[in-house]
Amino acid sequence: MKNFFIISVIVFGLFAFKVPDNVMKRAGKEISKFYDIDDFSKESIKFSPEINSKTSSDFGEDNFFKINSEGQFLGYAYIGRAPSKTADFDYLVFFDSDFVITKSKVLVYREEYGGEIGSKRWLKQFIGKFSDSPELIAGKSIVPISGATISVKSMTNAINDLLKSIKILQDLNKI
């Protein structure tokens, strides 16, 4: 059992999601724009490998954080990565203090087709969702986009996984 834990820690350390600098820079611009502020700080929220293994979303070293400005708490943010047809895309989700989604944004889309999932109009469907919201279903509760079927399903699944993960963390009193 002890060996399994050590191996798990090593594997987690090797494969934990690390936000690339260009993605973090874009996220910073979105934070400034969304909260209409120039100066803010990000306080990383980290979990042990054991806690992280209980969630379907990956909480790496710098992709889940509190946002503060001038000593005031503004909200939470999560940066994730989801698959599209042949590549991954990076996305950002803002939460209020109760972990209700206040905005989502596709930061970097690496495909020739399907980039329409980055439109503000389409992404507005996730605003107001929270950990106890009914599961989102592409083509039913989430409007599909012709030519972006895989990306629509992937983003929908990523949001579902994130909300389920938030619920697990809340139930474990970790957030």
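A few points on the structure. (Residues numbered from 1 in each chain as written. Predicted model: local features only at pLDDT ≥ 70, side-chain atom pairs only at ≥ 80, totals over all residues. Heavy atoms only, no water.)

## Some remarks on a negative patch on the surface
Alright, step 1. On the surface, a cluster of negative charge is made up of D36, D38, D39 and E70.
Alright, step 2. Along the chain, E70 falls in the loop between strand 2 (64–69) and strand 3 (72–83). (Patch = residues over 30% accessible without salt bridge, like charges linked within 9 Å, V, L, I, M, F, W, Y side chains within 5 Å. Areas by Shrake-Rupley, 256 points an atom, 1.4 Å probe, with all protein chains shown as cover. Salt bridge = Lys/Arg side-chain N within 4 Å of Asp/Glu carboxyl O. Lys, Arg positive; Asp, Glu negative; His and termini not counted. Charge placed at Lys NZ, Arg CZ, Asp CG, Glu CD. Helix = DSSP H or I, 4+ residues; strand = E, 2+ residues; numbered from the N terminus.)

## Details of the nonpolar core
Alright, step 1. Judged by nonpolar contacts, the single largest core of 32 residues is most densely connected at F64, F95, I117, W122, F126 and M155.
Alright, step 2. Elements with a minimum of two residues in this core: strand 3, strand 4 (88–95), strand 5 (101–108), helix 4 (120–123) and helix 5 (149–171).
Alright, step 3. It is helix 5 that provides the largest number of residues to this core, a total of eight residues.
Alright, step 4. Y35, I37, F65 and V108 belong to the second-largest nonpolar core, a separate cluster that totals 15 residues. (Core = buried A, V, L, I, M, F, W, Y, C linked by side-chain atoms within 4.5 Å. Buried < 20%, exposed > 50% of the residue type's maximum accessible area, 1.4 Å probe, protein only.)

## Quick notes on the sheet that holds strand 2
Alright, step 1. Spatial ordering of the open sheet is given by 1-2-3-4-5, a layout of five strands whose pairing is antiparallel. Since the sheet does not close on itself, it has two edges, and those belong to strand 1 (41–44) and strand 5, each with one partner. Taking the axes of each pair of neighbouring strands and ignoring which way they run, one obtains an average angle of 30° across the sheet.
Alright, step 2. Sheet analysis places strand 1 next to strand 2, joined by four bridges and oriented antiparallel. Within strand 2, the residue paired with S44 across the bridge is F65.
Alright, step 3. Contacting strand 2, strand 3, strand 4 and strand 5, helix 5 runs over the sheet at an angle of about 45° to strand 4. (Pairing = 2+ DSSP bridges. Axes fitted to C-alpha atoms, helices over the stretch in contact; angles between N-to-C directions. Contact = heavy atoms within 4.5 Å.)

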